[in-house]
Amino acid sequence: MVALLVVLLAAGCGGASAPTAGGTPAPPPAAGAPVPAVSGTPDNAEMTGIDLLFLSMMAGHTEQTLEIVRLVRDRLADTELRTLVAAIEVTEADELETARTWLAQAGRSARADDHAGHGTGPDQLARLRDASDADLDAVLIEVFCAHQQAAADLARAHLAAGNDERVRDLAQRVEQSRTAQVELMAARPAARG
């Protein structure tokens, strides 16, 4: 399990804001202006509307992931599931910071309505809140598998449509880590019981 967590963290972490050549973050461009490419990407590459929409949707999805984690992290019975949830929290907090930074550089912010219809609904969150301690692990696995699969699907779609290589790299890491998380959770005894 520990080796798998290392793989998950490596696949999910590593996002960072785009620094200037001097190593300091670039100042944000004017509102609505495209975000310029960073070194290592083609000269004509820049964040477009589809890249910014993906970042905004992922930020909303990730905020909801962190809400799920807060609801369950201290109540989980399965210690390996608790470790996985802790790793997810660290990885997704880093990804959220990256998305927010890039959106701010583009003069945009993540709005809750950008995520409407693409996440875990209030009824699923209520199931987690109301689950007995004996049922929580199984309910989390069910809810989280669907939630993380939605993130993997969104990231996969962005890989086919995105323009900016930084955002596509983030989407690739999201797709890989969420897919691995779903597989790990689905293999837990609580998922089969």
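The name recorded for the chain in an unreviewed UniProt entry is DUF305 domain-containing protein, from Micromonospora craterilacus.

Draft legend 1. The arrangement of the overall build of the chain in detail. Helix and strand content of the chain: 7 helices and 2 strands. Order of helices (α) and strands (β) in the chain, N terminus to C terminus: α-β-β-α-α-α-α-α-α. Counted over contacts in the chain with a minimum sequence separation of 6, partners at least 24 positions apart contribute 78%. Summing over all exposed atoms, the chain offers an accessible surface of approximately 9,100 Å²; the carbon and sulfur share of this is 57%.

Draft legend 2. Spatial organisation of the packing of helix 2 (residues 49–72) against helix 3 (residues 79–105). Put simply, helix 2 and helix 3 touch, their axes get as near as 9 Å, and they point 150 degrees apart. On the basis of their axis angle, the class for helix 2 and helix 3 is roughly antiparallel. Judged by the sense of rotation from one axis to the other, the crossing of helix 2 with helix 3 is left-handed. Mapping the contact onto sequence places L52, L55, S56, A59, T62, E63, T65, L66 and V69 in helix 2 and V85, I88, E89, E92, A93, L96, A99, R100, W102 and L103 in helix 3. Residue composition of the contact of helix 2 with helix 3, grouped by class: 12 nonpolar, 3 polar and 4 charged.

Draft legend 3. Focus on the environment of Q181. With respect to the helices, strands and loops of the structure, Q181 is situated in helix 6 (residues 165–186). Put simply, Q181 and A152 are 29 residues apart on the chain and 9.9 Å apart in space, counted from C-alpha to C-alpha.

Draft legend 4. The environment of E165, seen in detail. Looking at where E165 falls in the secondary structure, it is placed in helix 6. Sequence separation of E165 and D51 is 114 residues, and the distance between their C-alpha atoms is 9.6 Å.

Draft legend 5. Quick look at the side chain of H158. Tracing the chain through its elements places H158 in helix 5 (residues 133–161). Setting aside residues no more than four positions away along its own chain, H158 makes contact with I50, D51, F54, V167, R168 and A171.

Draft legend 6. Spatial organisation of the pattern of salt bridges. Following the criterion strictly, the structure yields 13 salt bridges and no others. Residues D133 and R75 are paired through a salt bridge, measuring 3.3 Å at the closest nitrogen-oxygen approach. Of this pair, D133 sits in helix 5 while R75 is found in the loop between helix 2 and helix 3, placing the two residues 58 residues apart along the sequence. The exposed category is assigned to D133, whose relative accessible area is 52%. Its relative accessible area of 25% is what places R75 among the partly exposed residues. Here R127 and E142 are joined by a salt bridge, their closest N and O atoms 3.1 Å apart. With a gap of 15 residues between them, R127 in helix 4 (residues 122–130) and E142 in helix 5 connect regions that are remote in the sequence.

Draft legend 7. Seen up close, empty space enclosed by the protein. Applying the stated criterion to the full structure yields 1 cavity of 30 Å³ or more. The computed volume of the largest cavity comes to approximately 50 Å³. Taken together, M58, A59, T62, E95, L96, A99, L170, V174 and R178 form the lining of the largest cavity. Elements with a minimum of two residues in the lining of the largest cavity: helix 2, helix 3 and helix 6. Taken together, the residues of the lining of the largest cavity sort by class into 6 nonpolar, 1 polar and 2 charged.

Draft legend 8. Structural detail: the packing of helix 5 against helix 6. Relative orientation of the contacting elements helix 5 and helix 6 amounts to 155 degrees, with a least axis distance of 8 Å. Judged by the inter-axis angle, helix 5 sits roughly antiparallel to helix 6. Crossing geometry of helix 5 relative to helix 6 is assigned as left-handed. Only V167, R168, A171, Q172, V174, E175, R178, T179, Q181, V182, M185 and A186 of helix 6 make contact with helix 5, whose side of the interface consists of I141, F144, C145, Q148, Q149, A151, A152, A155, R156, H158, L159 and A160.

Rules and cut-offs
- Residues numbered from 1 in each chain as written.
- Predicted model: local features only at pLDDT ≥ 70, side-chain atom pairs only at ≥ 80, totals over all residues.
- Heavy atoms only, no water.
- Helix = DSSP H or I, 4+ residues; strand = E, 2+ residues; numbered from the N terminus.
- Contact = heavy atoms within 4.5 Å.
- Areas by Shrake-Rupley, 256 points an atom, 1.4 Å probe, with all protein chains shown as cover.
- Axes fitted to C-alpha atoms, helices over the stretch in contact; angles between N-to-C directions.
- Parallel < 35°, antiparallel > 145°, perpendicular 65-115°, else oblique.
- Left-handed = near helix turned anticlockwise from the far one by under 90°.
- Nonpolar A, V, L, I, M, F, W, Y, C, P; charged D, E, K, R; others polar.
- Salt bridge = Lys/Arg side-chain N within 4 Å of Asp/Glu carboxyl O.
- Buried < 20%, exposed > 50% of the residue type's maximum accessible area, 1.4 Å probe, protein only.
- 1 Å grid on protein atoms, 1.4 Å probe; cavity = no way out; pocket = protein on both sides within 12 Å on 5 of 7 lines; lining within 4 Å.
- Points joined across faces, edges and corners; volume = space filled by probe spheres on them.

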